[in-house]
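# Observations on the model geometry
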Amino acid sequence: MSEFILSPGGARRVDARLERAGLLDLTMEEAGRAVADAVQASFPEGPVVLLAGGGANGGDALVAARHLLALGRVVRVLAQPAKHPLARLNRQRLRAVGGETQALNVAALRRAAASAGVLVDGLLGTGFVPPLRPAMAEVIEAMNAAHGAGLPVLAIDLPSGLDASSAERAEGSVRADETVTLMGFKTAVLFGEAATRAGRVTLVPLRVPPDWVREEALATRTEDAEVASRLPVRTTGAHKGTAGRVWIVGGHPGTVGAAALAGLGALRAGAGLVTVHSLADVPLVTPELMVQRHADWDQTLPQLRASGLPDAVALGMGLGPEAVRVAREVLAWGIPTVLDADALHPELAGHGHSECLWTPHPGEAARLLGTGTAEVIRDPLAAARRLQELLGGTVVLKGGPSVVASANALSVSRGGHPGMASGGMGDTLSGLLAALLGQGLSAADAGVAGVRLHARAGELAADTHGYGLIATDVSDQLGAAWQALKASSGPTRSRSGPPGNV
Ligand SMILES: NC(=O)C1=CN([C@@H]2O[C@H](COP(=O)(O)OP(=O)(O)OC[C@H]3O[C@@H](n4cnc5c(N)ncnc54)[C@H](O)[C@@H]3O)[C@@H](O)[C@H]2O)[C@H](O)CC1
């Protein structure tokens, strides 16, 4: 089943449909029960202190309290006056089974926290409108003090005080160890500094008509089985000429490693023949990589074109000051093309085509958009969409997680590892993307499959190397990552016919 990312407005509109259908009560029941199950699974010891705000987020907490009582847990509920009708109803239901609520204030919170096994944050969800009001800010400060003293915190939907639609960390927001997010992910629990407040995030999709959520979704979080279905399958008669001929155009004195890493990434992602074209001496990192050093681009590019074009090209990695001029010419070849690093320049907007894959990190994205990096980081989904509109083709906005924007889809990659924050990872990705293009994937499919393959390889390499991970470790794991993704979608068979997407 697909997972979605929802904006607060989108979540509200789904709620409104549920309410009109008379189903919102049942949905809140399902949400609260899932929260209770998560508390039971992760924090099975000691009294549970639930903090309930006046809205539906508080309603979820009140439902959870009733289920936790039924599970035999000692429960204390500190609640604000209920404003939402379902918060009122669930307060009555809690009382009907013997659950008491106390008024929420800092003193009551400190007393309850002193003997608690876990705090459940049901104060503010998607209905929070920043900034925090002072009374709520004090309550959250007391919660964070208890958390700092060792008391675990589980947040419902998102940590209170975070703006659901922003990846920016709000000072004064709740610090959670675990977040149970409802119906769809929110930008705040997936991206940037905000996500560091959420701890481990689990999605409870909730049993609502999937189209209602899909229609409101900002983006999709692609399943591994779906990624695997986009990976190329070889024919039994495949040979190096049919498995994708890839050119890497990059490297400049001082940045030759970038081109070499891209070449290695392309080889490890299955390209049949990989040649690096450079004006500098690119190290032969592996003998399978062909390296051609040229005197200048003006003469070389027409000669290369005349020699017969490859199936795909990746350009820009360490290419240096001539990157924009080179990119213009290569784009005119009209073959599937990955543009990275020095080739990510606003002057190239309008020169691309549908089979281009642009791979900026947030700094490069800001340069392309003429904005600040902070704005890109605050809302990566919006930035990726704007980049795609500007550049066409498919855009991979790199990050943890990466966002892939094509004409018809916006998707968020899963997985990866913080150890991947090291030089050369993007070069490996560019080579790997070019290899997928060379094996017949569309730019849109290569973007989605490539970022997941890269992230999965990073996870596998991190098992051994942790934060000491380097780009060549990721290349080394690309084959294993490919196998692992394929295994997630069941057995595959070789088929006859041309290589390509199945
Ligand atoms: N679609 C779903 O995913 C479902 C989500 N559920 C839960 O509902 C909340 C959203 O509920 P809503 O009533 O719209 O808003 P909140 O409870 O988040 O907040 C309203 C509450 O907060 C007060 N408030 C707002 N801004 C501030 C502020 N700056 N300072 C202090 N207090 C503030 C406001 O006065 C209200 O009292 C969602 O997150 C889920 O948890 C449903 O249960 C099921 C479907």
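Positions within a chain are numbered from 1, following the residues in the order the chain's sequence is written. In keeping with the model being predicted, local features are shown solely for residues with a pLDDT of at least 70 and side-chain atom pairs are shown and tallied solely at 80 or more, while totals for entire chains, interfaces and linings include all residues.

### Here we look at the overall build of the protein chain
Segments assigned H or I by DSSP are reported as helices when at least four residues long, segments assigned E as strands when at least two residues long, and all are numbered from the N terminus. Summing up its helical and strand segments, the protein chain has 19 helices and 20 strands in all. Overall size of the protein chain, expressed as C-alpha extent along the three principal axes, is 80 × 45 × 45 Å. Every C-beta atom is placed from the backbone, and the number of other C-beta atoms within 10 Å of a residue's own sets its class: buried at 20 or more, exposed at 12 or fewer, partly exposed in between. Out of the 502 residues belonging to the protein chain, those deemed buried represent 54%. C-beta atoms are placed from the backbone for every residue, and two residues are taken to be in contact when these atoms lie within 7 Å. Restricting to contacts in the protein chain with at least 6 residues of sequence separation, those with at least 24 account for 71%.

### What to know about the sheet that holds strand 2 (residues 48-52)
We treat two strands as partners when DSSP finds at least two bridges between them. Here seven strands make up an open sheet; going across it, the order is 4-3-2-5-6-7-8 and the pairing parallel. Edge positions in the sheet fall to strand 4 (101-103) and strand 8 (200-204), since each of these pairs with one other strand and no more. Here the average twist between neighbouring strands, direction ignored, is 20°. One ladder, built from five bridges, connects strand 2 with strand 3 (residues 75-79); its direction is parallel. Bridge assignment links Val48 to a residue of strand 3, and that residue is Val75. Axes here refer to lines fitted to C-alpha atoms; in helices the fit is confined to the stretch in contact. Angles between the N-to-C directions go from 0 to 180 degrees. Strand contacts of helix 2 (residues 24-42): strand 2, strand 5 (118-122), strand 6 (153-156), strand 7 (178-182) and strand 8, with the helix running at about 160° to strand 7, the strand carrying the most contacts.

### Some words on the nonpolar core
Any set of buried Ala, Val, Leu, Ile, Met, Phe, Trp, Tyr and Cys residues joined through C-beta atoms within 7 Å is what this text calls a nonpolar core. Membership of the largest hydrophobic core comes to 168 residues, with the highest contact counts inside it found for Val39, Leu50, Val120 and Ala266. It is helix 18 (residues 443-465) that provides the largest number of residues to this core, a total of twelve residues. Each of two domains, domain 1 (3-221) and domain 2 (228-489), supplies a minimum of three residues to this core. If sequence neighbours within four positions are ignored, Leu50 has contacts with Ala61, Ala64, Ala65, Val75, Val77, Val120 and Gly122. Residue ranges labeled as domains rest on an automatic or database domain assignment.

### As for the site of the ligand
Note on definitions: a residue is near a molecule or strand provided its C-beta atom, placed from the backbone, lies within 6 Å of it. The local shell around the ligand holds 31 residues, among which Gly54, Gly55, Ala56, Gly125 and Gly127 are the closest. For the shell around the ligand, the secondary-structure elements that each account for two or more residues are helix 1 (8-20), helix 2 and helix 3 (56-70). At five residues, helix 3 tops the list of elements feeding residues into the shell around the ligand. Partitioning the shell around the ligand into residue classes produces 15 nonpolar, eleven polar and five charged. Under the scheme applied here, ten amino acids are nonpolar (Ala, Val, Leu, Ile, Met, Phe, Trp, Tyr, Cys and Pro), four are charged (Asp, Glu, Lys and Arg), and all others, including Gly, are polar.

### So, the packing of helix 11 (residues 256-268) against helix 19 (residues 471-487)
Between helix 11 and helix 19, the least distance of the axes is 8 Å, while the angle of their chain directions is 15°. For the element pair helix 11 / helix 19, the angle class is roughly parallel. The element helix 11 and its partner helix 19 pack so that their crossing is left-handed. Judged by residue contacts, Leu261, Leu264, Gly265 and Arg268 of helix 11 engage Ala471, Thr472, Ser475, Leu478 and Gly479 from helix 19. When grouped by side-chain class, the residues that make up the contact of helix 11 with helix 19 number four nonpolar, four polar and one charged. For classification purposes, an angle smaller than 35 degrees is called roughly parallel, one larger than 145 roughly antiparallel, one from 65 to 115 roughly perpendicular, and anything else oblique. Note on convention: near helix rotated counterclockwise from far helix by under a right angle means a left-handed crossing. Clockwise means right-handed.

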